[in-house]
Amino acid sequence: MAQGWRGKEAIEMATTTGVSKEEFKNAKLYKSVHGIDMEEFYTSGHRTCQGCESALVMRDFVKASGPRTVVTGATGCMYVANTSYMTTPWVVPWMHTQLGGGGASAVGMAAGLRALMRKGKIPDEKINVINFSGDLGGGDMGLGGISGALQTDYDMLIIIYDNESAANTDIQATNMTPWGAQTTFTPTGSKKRIMHDKWKKNVAPMLAIGHPNCKYVATACATFPPMDYMNKVKKALSIGGPTLIHTMDPCPKGWDYHPRYSGDLGQLAIKTGIFPLYEIIKGEVNYTYDARKTKRVPVREYLEKQGRFSHFIEDDFEFVQSRVDEMWNDWEIPGVAPIKGWLSVRR
Amino acid sequence: MTTELVDRKIYEREELATGTDAVAHAVRLADVDVFSAYPIRPYTGVMDRLAKFIADGKFDSEYIIADGEHSQFEIAKHASSVGARAFAGSSGTGWLYATEALAATATDRLPLVALVGNRALDDPGAFGVEHNDAMLVRDLGWLIVWASTAQEALDTTLIAYRVAEDPSVMMPCAVAIDGGYLTHSQHIVKIPTKEAVQKFLPPYNLGTRRMHPDNPVSIAPQINEDWGMEIRRQNWEAARRARGVIYRAYKEYNEVFHSSYANPFFEEFMMEDAEIALIGMGTVTSAAKAAVKLLREKGVKVGYVKLRWFRPFPAEELRESLSEVRAVGVIDRDFAHGGPDDGGVLFNDVRAALYHSSNRPQIVDFIGGLAGREISIEDVARMVRITANHKGEGELVTWIRVREGNGAGMERKGGD
Ligand SMILES: Cc1ncc(C[n+]2csc(CCOP(=O)(O)OP(=O)(O)O)c2C)c(N)n1
Ligand code: SF4
Ligand SMILES: [Mg+2]
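1. Some remarks on the overall build of chain B
(1) Moving on: Secondary structure summary: chain B contains 13 helices and 16 strands in total.
(2) Moving on: The C-alpha atoms of chain B give a radius of gyration of 21 Å, which matches the 22 Å a tight globule of 416 residues would have.
(3) Moving on: Each principal axis of the C-alpha distribution contributes one length, and for chain B these read about 65 × 60 × 45 Å.
(4) Moving on: Here chain B, with 416 residues, has 59% of them falling under the buried criterion.
(5) Moving on: When contacts within chain B are restricted to residue pairs at least 6 apart in sequence, those whose partners lie at least 24 apart make up 78%.
(6) Moving on: For chain B, the distance from the average position of its 47 positive side-chain charges to the average position of its 59 negative side-chain charges is 3 Å.

Rendered as structure tokens:
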């Protein structure tokens, strides 16, 4: 029988080994909500939808990062709905980058700042370099550029904010849109009920496993568990080198639900286990919400609250549930490394 | 390779250098902070050389090997946005792969300098020179300048930074050199000293647009019809101002380096009392000059204009220079299929400029040297004959050295 990948070792094989508990001692992690800074660096001026969780992803990362930060944002809702000329919500320096330019833009800024500091052209200090790109911009078009960025040794954080569609262009399917979802590119019809028949691309582990310079990759949800996302930002920024966070952002317009339920849906995405929550620190996987140990909420409760799945019949709910069960029960490392037997060593 | 003929205060030495070597020296001397590389012939030599400078500790810069030209130019653009002097470059299809980033660099008004080692576009793949790659950005807010010798490539790269970074300009600049003929041919080049370069080239200062926590600005937020016109207009005005800055830059360059650039926009060769003029860009210049010399010996009143700056285009200066000639022949190392009168890109720009000339000479076009094909002295002599004999009727465009019909043999048709 072929030898499959085995747990932690499998990840360590591909990335750096060893985790020190000391790792984040300078990260100044939040211990309670009362410790969270009151000052905002992403304020009024944007015109995102009510209940937009991607906007919360913006607000929280820059709060965690603080004022000594420079940011680029790839084209997408978080560009177009966020930054209208003369009404910017950004208190820190912010610049647009092209849809697939996220990774490269961070490299450019980090390289520029490093050169200027080394040559004494600007004062030497720690400046956080952050790019955010959407699931289409970062997860599809800009994947090569993010890969290139993660191969460098520059200190920077790339956030793939994932609202599971090309939201800005009016909700088209991306490779991170969940199976079966209706989008303007994948409507349901009388002949074909399911137009989007791809499973969500597993982008964070793919990037973690392939890039030995990258010491920190995490998935996150801005609202759940509390502070988890902001602390992940702090960890990413303190560990050094290129890092990546993939966030799951409920989007009332694209997912078709009332804006008041954004928080609930984020929580359900985690509790149903459809979106696994973890961090990969120097090759070690740490579940920040361990759906292996908790009783998972049936995915149906998450799916049926969203209009984009309103065409689902019993078979569809069951299919999604079976795939999620498989991920948690049968994967070598649930949510991260593939199903047993997918990869094996030839004898 | 040193001789005592060079002024030691200005030049550190002479070196046998290719066009790309010469540009690499300029980049090093300009104290570039960040450069990003991606391989494609024939521009690549410049990155090979810069990498070696880094490896040998002769150059202090961040050096990034990008994952593609789109990233390569996004990296350079964003390095420039934090106030770092940046350099990148490409050729042919690689330059096109970067197009989106190229356009945004121009509209962001970031003074990146890039080398274009001109190369034919795919398909079919070809290594030889063609000017369509660099010309692609001609309307986008890039300054574009052609150099035709290695020394000129070095000088022009330094001048490019000076012009691009001028506070009244702030536009990216492409330095174009012909693939093969200049990227890979060696010339004796005088390498300036760092001190002299510092005297000529002030530090890059992006001012209030610099991305730094001390200067919290938002760059390039989304606009609508409310502001787009004004932003385009500012860029248009900057391109107009660039003309004056180019004059100033060459004057300063001549002063610091004792060089003798006269009109910065183009070089006039035997243009006094010329009745016929040819105009071209890049390395076709050597064949053109040789042909003009030979014909002058035979009493033909012909001259040659070597155009350097293609953007901004020196329309007024050309009208002046060509005000006495009877006929002009334009050499296009490019194509513009289906364009006005089926002429090349340069042809139609020259024609547009001369429309407002008082004497309005006859203008014909020569398309030649595509995909790296040679343009010989004899070819240029033929162009002069065709230009001189043109009566203002019939074909305006002649393809030079092309197999016609079914492609059998090198039939030489048309005009003479
Ligand atoms: C090169 C390029 N192709 C297409 C577009 C059009 N476009 C603008 S935003 C967008 C969707 C981006 O989707 P995503 O990255 O998921 O961000 P979101 O809008 O969902 O926040 C697209 C396709 C573009 N701006 N640039
Ligand atoms: S469409 Fe979705 S991502 Fe875009 S602003 Fe609205 S809620 Fe946010
Ligand atoms: Mg999206």
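There is more to say, and it comes next.
2. Thoughts on the coordination of the magnesium ion (ligand 3)
(1) Moving on: At 2.0 Å from the magnesium ion (ligand 3) lie its protein donor atoms, namely Asp135 of chain A (OD), Asn163 of chain A (OD1) and Ser165 of chain A (O).
(2) Moving on: Taking relative accessible area as the criterion, aspartate 135 of chain A reaches 1% and is therefore assigned buried.

3. Some details on the site of ligand 2
(1) Moving on: The immediate surroundings of ligand 2 are formed by Thr48, Cys49, Cys52, Cys77, Asn163, Cys251, Pro252 and Lys253 of chain A.
(2) Moving on: Of the residues that constitute the shell around ligand 2, the class distribution is five nonpolar, two polar and one charged.

4. Let's talk about the interface of chain A and chain B
(1) Moving on: Taken together, the 46 residues of chain A in the interface contact 40 residues of chain B.
(2) Moving on: Here chain A and chain B share an interface that buries about 3300 Å² over both sides, 61% of which is from carbon and sulfur atoms.
(3) Moving on: Of all residues in chain A, Tyr85, Met95 and Gln98 of chain A bury the most surface against chain B, accounting for 21% of the area lost on that side.
(4) Moving on: Applying the counting criterion to the chain A and chain B interface returns eight salt bridges.
(5) Moving on: Across the pair lysine 119 of chain A and aspartate 31 of chain B runs a salt bridge, and its minimum N-O distance is 2.8 Å.
(6) Moving on: Across the chain A-chain B interface, the total number found is 20 residue pairs in polar contact (both at pLDDT 80 or more).
(7) Moving on: Counting only elements with at least two residues in the side of chain A that touches chain B, the list comes to β2 (69-74), α3 (77-80), β3 (94-97), α4 (102-118) and α6 (143-150) of chain A.
(8) Moving on: Sort the elements by how many residues they give to the side of chain A that touches chain B and α4 of chain A lands first, with 12 residues.
(9) Moving on: When the residues that make up the side of chain A that touches chain B are grouped by side-chain class, the tally is 24 nonpolar, 16 polar and six charged.

5. Focus on helix α10 (residues 262-271) of chain A
(1) Moving on: When α10 of chain A is considered as a whole, its buried residues turn out to be Ser262, Leu265, Gly266, Leu268, Ala269 and Ile270 of chain A.
(2) Moving on: On its buried face, α10 of chain A sits against α2 (53-65), β7 (242-248), α9 (252-255), β8 (277-281), β9 (284-289) and α11 (299-303) of chain A.

6. Overview of the site of ligand 1
(1) Moving on: Around ligand 1 sit 17 residues, and of these Asp135, Gly137, Tyr161, Ser165 and Asn168 of chain A come closest.
(2) Moving on: Residues close to ligand 1 are split across chains A and B.
(3) Moving on: At 2.6 Å from an oxygen atom of ligand 1 is found a side-chain nitrogen or oxygen belonging to tyrosine 161 of chain A.
(4) Moving on: Protein chains bury 77% of the 580 Å² of accessible surface belonging to ligand 1 in isolation.
(5) Moving on: The residue makeup of the shell around ligand 1, split by class, is seven nonpolar, eight polar and two charged.

7. Concerning the confidence of the model for chain B
Residues and elements named next belong to chain B.
(1) Moving on: With 96% of its residues at a pLDDT of 70 or more, chain B has an overall mean of 95.
(2) Moving on: Averaged over each element, pLDDT in chain B is lowest for strand β1 (residues 11-18) (96) and highest for strand β4 (residues 86-90) (99).
(3) Moving on: Two numbers describe this predicted complex: its pTM, 0.95, and its ipTM, 0.95.

8. A word on the pairing of strand β4 (residues 128-134) of chain A
Residue and element names in this part refer to chain A.
(1) Moving on: Judged by how many residues are buried, β4 sits mostly within the fold: seven of seven residues are covered.
(2) Moving on: Every second residue of β4 is oriented toward a common face, with Asn128, Ile130, Phe132 and Gly134 on one face and Val129, Asn131 and Ser133 on the other, all of them buried.
(3) Moving on: Summarising the sheet, β4 and strand β5 (residues 156-162) pair through five bridges and their orientation is parallel. For phenylalanine 132, the partnering residue across the bridge sits in β5 and is isoleucine 159.

9. Thoughts on the environment of lysine 301 of chain B
Residue and element names in this part refer to chain B.
(1) Moving on: With respect to the helices and strands, the residue lysine 301 is situated in the loop between α10 (284-297) and β12 (302-307).
(2) Moving on: Here lysine 301 falls in the partly exposed class, since its relative accessible area comes to 36%.
(3) Moving on: In the structure, lysine 301 is positioned 28 residues away from aspartate 273 in sequence and 6.9 Å away in space, judged by C-alpha atoms.
(4) Moving on: Not counting chain neighbours up to four residues away, the residues in contact with lysine 301 comprise Asp273, Ala274, Glu275, Ile276 and Arg296.

Cut-off values and rules
Residues numbered from 1 in each chain as written. Chains lettered and ligands numbered in written order. Predicted model: local features only at pLDDT ≥ 70, side-chain atom pairs only at ≥ 80, totals over all residues. Heavy atoms only, no water. Helix = DSSP H or I, 4+ residues; strand = E, 2+ residues; numbered from the N terminus. Rg over C-alpha atoms; globule rule 2.2 N^0.38 Å. Buried < 20%, exposed > 50% of the residue type's maximum accessible area, 1.4 Å probe, protein only. Contact = heavy atoms within 4.5 Å. Lys, Arg positive; Asp, Glu negative; His and termini not counted. Charge placed at Lys NZ, Arg CZ, Asp CG, Glu CD. Donors = N, O, S within 2.8 Å, 3.2 Å for Na, K, Ca; no water. Near = heavy atom within 4 Å. Nonpolar A, V, L, I, M, F, W, Y, C, P; charged D, E, K, R; others polar. Buried area = accessible area lost by both parts, 1.4 Å probe. Salt bridge = Lys/Arg side-chain N within 4 Å of Asp/Glu carboxyl O. Polar contact = N/O pair within 3.5 Å; in protein donor to acceptor, adjacent residues only side chain to side chain. Areas by Shrake-Rupley, 256 points an atom, 1.4 Å probe, with all protein chains shown as cover. pLDDT = per-residue confidence, 0-100. Pairing = 2+ DSSP bridges.

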